[in-house]
Structure formats: structure tokens, C-alpha cells
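So you can see what is in the structure, the chains are spelled out below.
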Amino acid sequence: MRKARFIQLMLTATIGFLFSNPSTAESSKDYAIMARASWSAFECSSLASKSKNFKEQERLFLHGYDQGQKFIAAVKSEKVKREYLSTEAPLMMLLLLQGPTADFMLGRIFEAAQKSALEDVYKTGQNFNSDEMQESLAKNKFWKLNCQLIGKHK
């Protein structure tokens, strides 16, 4: 009788383990890190666009959008602890979490991340850079920030 009960418990535990999805059980800290991932992906997407790497631009934008959507949903449902917001999420992103929808907020966030990423690409000091120089600076910054690694694996 004990052996049958033990086998039943083990079978139930094994089935539960096999059908559970640990990647969807994010922690409060994981959600806060998604804010940083979104911001970085949006910055890198802008750099990829400026350097005419349109495949990477789209991939990074979609990754930033996805991470941003998850982060905003978690904030709205109060799944993110304040301590992680202050240590993991970019302050500028937190300041832009206002608006009627998550898409509206992400549009504001993308615009700010783009401005941040391209500020020193468009101009060096007080002088505007040529289109060729902007493309070169964007490519260099893209590689320096390891943008090619963002969102590649979990």
C-alpha cells in the first residue's frame, strides 16, 4: 500500500514538473530587469537603424517592445517591488510611465531611449556630423554596447 501511494505521489510530482513552465514565473526583480532590457533594446534598435542594419533594428525593437509590455503589465498589477524599481529600472523609463495605454507609454520610452542613444551620434561637440560619420559612429556605439547580444538567449 505504501509503495503504491509513493508511486502515485512521484507520478503526480513528475507530471507537475513536466507541465510547469518556469520561464513564466518571473520574480519581482526579473520584471524590474525587463525595464532595463527594454530601454537598452530601444537604444540599440535606434543605433542599428542609423547604421542601416534594418534586420537588427527590427529584432531589437520587437524585443524592447515585448520586454516593455511585460514590465508595464507587472507594474500595473503591482508585481514589482519598489526596491527593485529603484535599483534595476532606468530612472528615465520610470518617469515616462504615464499615459492612457501601455503602447502610449512605450512610445514615449522609445523616443527618449532613441534620443539618448543618438545624441552623440548626430553631433560631436557643437558640430553636426555628416551622414557617413553618423553611420560610422552608430555602428561603433552598437558594437561597443554589445547590442548584438541583447535578446539572443534566455
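Since the structure is predicted, the reported quantities are computational estimates derived from the model, not experimental observations.

1. Notes on the overall build of the chain
Part 1 of the reasoning: Counting its regular elements, the chain contains 7 helices and 2 strands.
Part 2 of the reasoning: Reading the helices (α) and strands (β) of the chain from amino to carboxyl end gives α-α-α-α-α-α-β-β-α.
Part 3 of the reasoning: Burial analysis of the chain (154 residues in total) assigns 33% to the buried set.
Part 4 of the reasoning: Here the contacts in the chain between residues at least 6 apart in sequence split such that 69% fall between residues at least 24 apart.
Part 5 of the reasoning: When the accessible surface of the chain is split by element, carbon and sulfur atoms take 58% of a total near 10400 Å².

2. Description of the packing of helix H2 (residues 28-50) against helix H6 (residues 102-122)
Part 1 of the reasoning: Put simply, H2 and H6 touch, their axes get as near as 8 Å, and they point 50° apart. Relative to H6, the element H2 is oriented oblique. The element H2 and its partner H6 pack so that their crossing is right-handed. Between H2, through Ser-38, Trp-39, Phe-42, Glu-43, Ser-45, Ser-46, Leu-47 and Lys-50, and H6, the contact on the second element is made entirely by Leu-106, Ile-109, Phe-110, Ala-112, Ala-113, Gln-114, Ser-116, Ala-117, Leu-118, Val-121 and Tyr-122.

3. Some words on the state of the cysteines
Part 1 of the reasoning: Scanning the model with the defined rule gives 1 disulfide in all.
Part 2 of the reasoning: Residue pairing for Cys-44: its cysteine sulfur links by disulfide to Cys-147, the two sulfurs lying 1.9 Å apart. One disulfide, between Cys-44 and Cys-147, carries an S-S torsion of -65° and so falls in the left-handed class. Here Cys-147 lies in the segment after helix H7 (131-144) and Cys-44 lies in helix H2, a separation of 103 residues in the sequence. Each member of the pair, Cys-44 as well as Cys-147, is classed as buried.

4. Notes on unusual backbone geometry
Part 1 of the reasoning: Despite not being glycine, Lys-52 has its phi angle at roughly 60°, a positive value.
Part 2 of the reasoning: Here Lys-52 is to be found in the loop between H2 and helix H3 (54-76).
Part 3 of the reasoning: The exposure class assigned to Lys-52 is exposed, which follows from its relative accessible area of 55%.
Part 4 of the reasoning: Even without glycine at this site, Asn-146 takes up a positive phi of about 55°.
Part 5 of the reasoning: We classify Asn-146 as partly exposed; its relative accessible area is 39%.

5. Re H6
Part 1 of the reasoning: Taking 1.5 Å of rise per residue, the 21 residues of H6 would be expected to cover 30 Å, and the 29 Å separating its terminal C-alpha atoms lies within 8% of that figure.
Part 2 of the reasoning: Along H6, the largest kink reaches about 30° and is centred on Ser-116.
Part 3 of the reasoning: Buried-residue contacts for H6 involve H2, H3, helix H5 (91-95), strand E1 (123-124) and H7.

6. A word on the pattern of salt bridges
Part 1 of the reasoning: The full count for this structure, using the stated rule, is 6 salt bridges.
Part 2 of the reasoning: Between Glu-135 and Lys-52 there is a salt bridge; the shortest N-O distance is 3.5 Å. Highlighted residues: Glu-135 in helix H7 and Lys-52 in the loop between H2 and H3, separated in sequence by 83 residues.
Part 3 of the reasoning: Among the salt bridges present, the one from Lys-141 reaches Asp-120, with a minimum N-O distance of 2.9 Å. Of this pair, Lys-141 sits in helix H7 while Asp-120 sits in helix H6, and the two are 21 residues apart along the sequence.
Part 4 of the reasoning: Through salt bridges that share partners, Lys-52, Glu-135 and Lys-139 make up one connected network.

Reading the values: rules and limits
- Counting restarts for each chain: residues are numbered from 1 in the order of the written sequence.
- Note on the predicted model: pLDDT of at least 70 is required for a residue's local features to be given, and 80 or more for side-chain atom pairs to be given and counted; whole-chain, interface and lining totals, by contrast, use all residues.
- Hydrogen atoms and water are omitted, and side-chain values are computed over all heavy atoms in the structure.
- Secondary structure elements are defined from DSSP: runs of H or I of at least 4 residues count as helices, runs of E of at least 2 residues count as strands, and each element is numbered from the N terminus.
- Exposure is judged per residue with a 1.4 Å probe applied to protein chains only, and the accessible area is read against the type maximum: over 50% gives exposed, under 20% gives buried, and values in between give partly exposed.
- Throughout, a contact is declared for two residues whenever any of their heavy atoms are within 4.5 Å.
- The protein chains shown are the only cover counted for residues, whose accessible areas, like all others here, come from Shrake-Rupley with a 1.4 Å probe.
- All axes here are fitted lines through C-alpha atoms, helices being fitted over the stretch that makes contact, and every angle between N-to-C directions spans 0 to 180 degrees.
- Throughout, the term roughly parallel applies to angles under 35 degrees, roughly antiparallel to angles over 145, roughly perpendicular to angles from 65 to 115, and oblique to all others.
- When the near helix sits turned anticlockwise from the far one by under a right angle, the crossing is termed left-handed; a clockwise turn instead gives a right-handed crossing.
- In this description, the term disulfide denotes a pair of cysteine sulfurs within 2.5 Å.
- By definition here, a helix of n residues has an expected span of 1.5 Å times n minus one.
- Note that the bend at a residue is defined as the angle between axes fitted to the seven residues ending at it and the seven residues starting at it.
- The term salt bridge refers to a side-chain nitrogen of Lys or Arg lying within 4 Å of a carboxyl oxygen of Asp or Glu.

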